[in-house]
Amino acid sequence: MASSHVLLLCGKVSLVFLGPVAFVLVALFLILTYFAAVLLTVLYVPRAVLVNNLHWCCPFIPHIWRAQPWLKGQCMRLGFETTYTINVLRRLLTLPVRPHLPAFYIVGFPWMCFDACPVTACLPYTAKRIRALTPDAKLIFMISNMGMPLAWSLSDPATQIQAHIKEQEDDAQLWKDLKDLQPGQSLPANMPELFYTRLNSLLMCGRYADRLQPFLHEFPRSSMMFIDFTEFINNTNGVVREVCSFVGADPALYNHKVQPPGMQTDYRGRRMHSSVKQYLTRYFKRSNSMLYLLLGRDFQWADLEQ
């Protein structure tokens, strides 16, 4: 009888100390993996491999530091690449303590959690590369009406911007080259300049039906989720819970909190010109109709000409 009490007591003690001991061990493991990631980054080889992926996933990044004075640009590059490599390696090394996390796609590295960059969905070559890296990726597309008023773009009358919107010969060649690009091939050298400085690229990104075709070709429809931005704004809590279910997370663990007024964005200044709204409505009408057919869903975007 006494021995049974001793065993029971030992069992309770082990349960009591298991939590704190495990916490300390995991904390020590995470600290060691961080320092290991730093040491591996110093060796340069892991950084060179990962940075190569980073460059083709975020082609605007090299463009940023190349536009800076040489010394400033090199410091920005070194700091960014080093920090990013440490982060990637740390997440890779900590996989043993989080084996049940779903595989998400972020900036070319399948060991991270999320990527929230619209450029990934805009460029026609990324679908093949994402599949090559993470064939089981969950893809979430948030889609908004391209005619919605934006305080930071297209505020001049349509007559003043139509010349800039018109597709140039080098624009057409760039999009053809990007469409034909295979995983592992280098990006066109003129891509950052043409993609990030031409209004035509903005409109090409808004032709959703065309942009989604490569993803629908490379991934099963069940791996994709499409969210209407207006619905997200009106029902943020509900939409986020749907996203949690889609990626395999428990929606019950999500605690929705509304940002205080001081943290909410209040866009001010010039708004999109009314003639531009009408121009965009006409420009995207056919593309939007194709999108509705492609997804089997009518987003019921308002006709801005009315």
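Residues numbered from 1 in each chain as written. Predicted model: local features only at pLDDT ≥ 70, side-chain atom pairs only at ≥ 80, totals over all residues. Heavy atoms only, no water.

**Notes on the state of the cysteines**
Scanning all chains against the criterion turns up zero disulfides. The thiol of Cys 205 is not disulfide-bonded; the next cysteine sulfur, from Cys 122, is found 3.2 Å away. (Disulfide = S-S within 2.5 Å.)

**Description of the nonpolar core**
Among the nonpolar cores identified, the biggest contains 17 residues, and Leu 139, Phe 141, Ile 143, Phe 215 and Leu 291 are the most heavily contacted of them. Breaking this core down by element, the ones donating at least two residues are helix 6 (126-133), strand 1 (139-143), helix 11 (208-218), strand 2 (224-228) and helix 14 (274-295). When residues of this core are assigned to their parent elements, the largest contribution, four residues, is made by helix 11. Ignoring anything within four residues of it in the chain, the contact list for Phe 215 reads Thr 120, Ala 121, Thr 126, Ala 127, Ile 130, Leu 139, Phe 141 and Met 224. Membership of the second largest hydrophobic core comes to 13 residues, among which are Val 119, Leu 123, Trp 175 and Phe 195. (Core = buried A, V, L, I, M, F, W, Y, C linked by side-chain atoms within 4.5 Å. Buried < 20%, exposed > 50% of the residue type's maximum accessible area, 1.4 Å probe, protein only. Helix = DSSP H or I, 4+ residues; strand = E, 2+ residues; numbered from the N terminus. Contact = heavy atoms within 4.5 Å.)

**Focus on the side chain of Asp 171**
Mapped onto the elements of the fold, Asp 171 is located in helix 8 (residues 169-180). Within the local environment of Asp 171, its side chain forms a polar contact with the backbone nitrogen of Gln 168, the two atoms lying 3.0 Å apart. If we skip the residues at most four places from it in the chain, Asp 171 touches Lys 166, Leu 194, Arg 198 and Asn 200. (Polar contact = N/O pair within 3.5 Å; in protein donor to acceptor, adjacent residues only side chain to side chain.)

**What about the pairing of strand 2?**
Where burial is concerned, most of strand 2 is hidden: five out of the five residues are buried. Burial of strand 2 is two-sided: the residues Met 224, Phe 226 and Asp 228 facing one way and the residues Met 225 and Ile 227 facing the other way are all buried. Bridge count between strand 1 and strand 2: five bridges; the pairing is parallel. What sits directly across from Leu 139, in strand 2, is Met 224. (Pairing = 2+ DSSP bridges.)

**Describing the environment of Asn 200**
Locating Asn 200 in the fold gives a position in helix 10 (residues 199-205). A relative accessible area of 4% places Asn 200 in the buried class. The spatial distance from the C-alpha of Asn 200 to the C-alpha of His 164 is 7.2 Å, given a sequence separation of 36 residues. Non-local contacts of Asn 200, meaning those with residues more than four positions away in its chain, are made with His 164, Ile 165, Lys 166, Glu 167, Asp 171 and Trp 175.

**Comments concerning the packing of aromatic side chains**
According to the stated counting rule, one finds eight aromatic pairs in the structure shown. A centroid spacing of 5.3 Å and a plane angle of 75° characterise the contact between Phe 141 and Phe 215, whose relative ring orientation is edge-to-face. Placement of Phe 141 in strand 1 and of Phe 215 in helix 11 is noted, with a sequence separation of 74 residues between them. Overall, Phe 215 belongs to the buried group, its relative accessible area being 2%. Where Tyr 283 meets Phe 284, the ring centres are 4.9 Å apart and the plane angle is 85°; that geometry is what we call edge-to-face. Among the aromatic residues, those joined into a ring-pair cluster are Phe 141, Phe 215 and Phe 226. Across the ring face of Phe 246, the terminal group of Lys 138 is positioned such that the distance to the ring centre comes to 4.9 Å. (Phe/Tyr/Trp six-rings, centres within 6.5 Å; stacked < 30°, edge-to-face > 60°. Lys NZ or Arg CZ within 6 Å of the ring centre and 35° of its normal.)

**Comments concerning the packing of helix 7 (residues 158-165) against helix 14**
One way to put it is that helix 7 packs onto helix 14 with a least axis distance of 9 Å and a crossing angle of 45°. The angle between the axes of helix 7 and helix 14 places the two elements in the oblique class. Along its contact with helix 7, which presents Ala 158, Ile 161, Gln 162 and Ile 165, the element helix 14 presents Ser 275, Val 276 and Tyr 279. Grouping the amino acids of the contact of helix 7 with helix 14 by side-chain chemistry returns five nonpolar, two polar and no charged. (Axes fitted to C-alpha atoms, helices over the stretch in contact; angles between N-to-C directions. Parallel < 35°, antiparallel > 145°, perpendicular 65-115°, else oblique. Nonpolar A, V, L, I, M, F, W, Y, C, P; charged D, E, K, R; others polar.)

On their own, these measurements won't tell you what the molecule is for.
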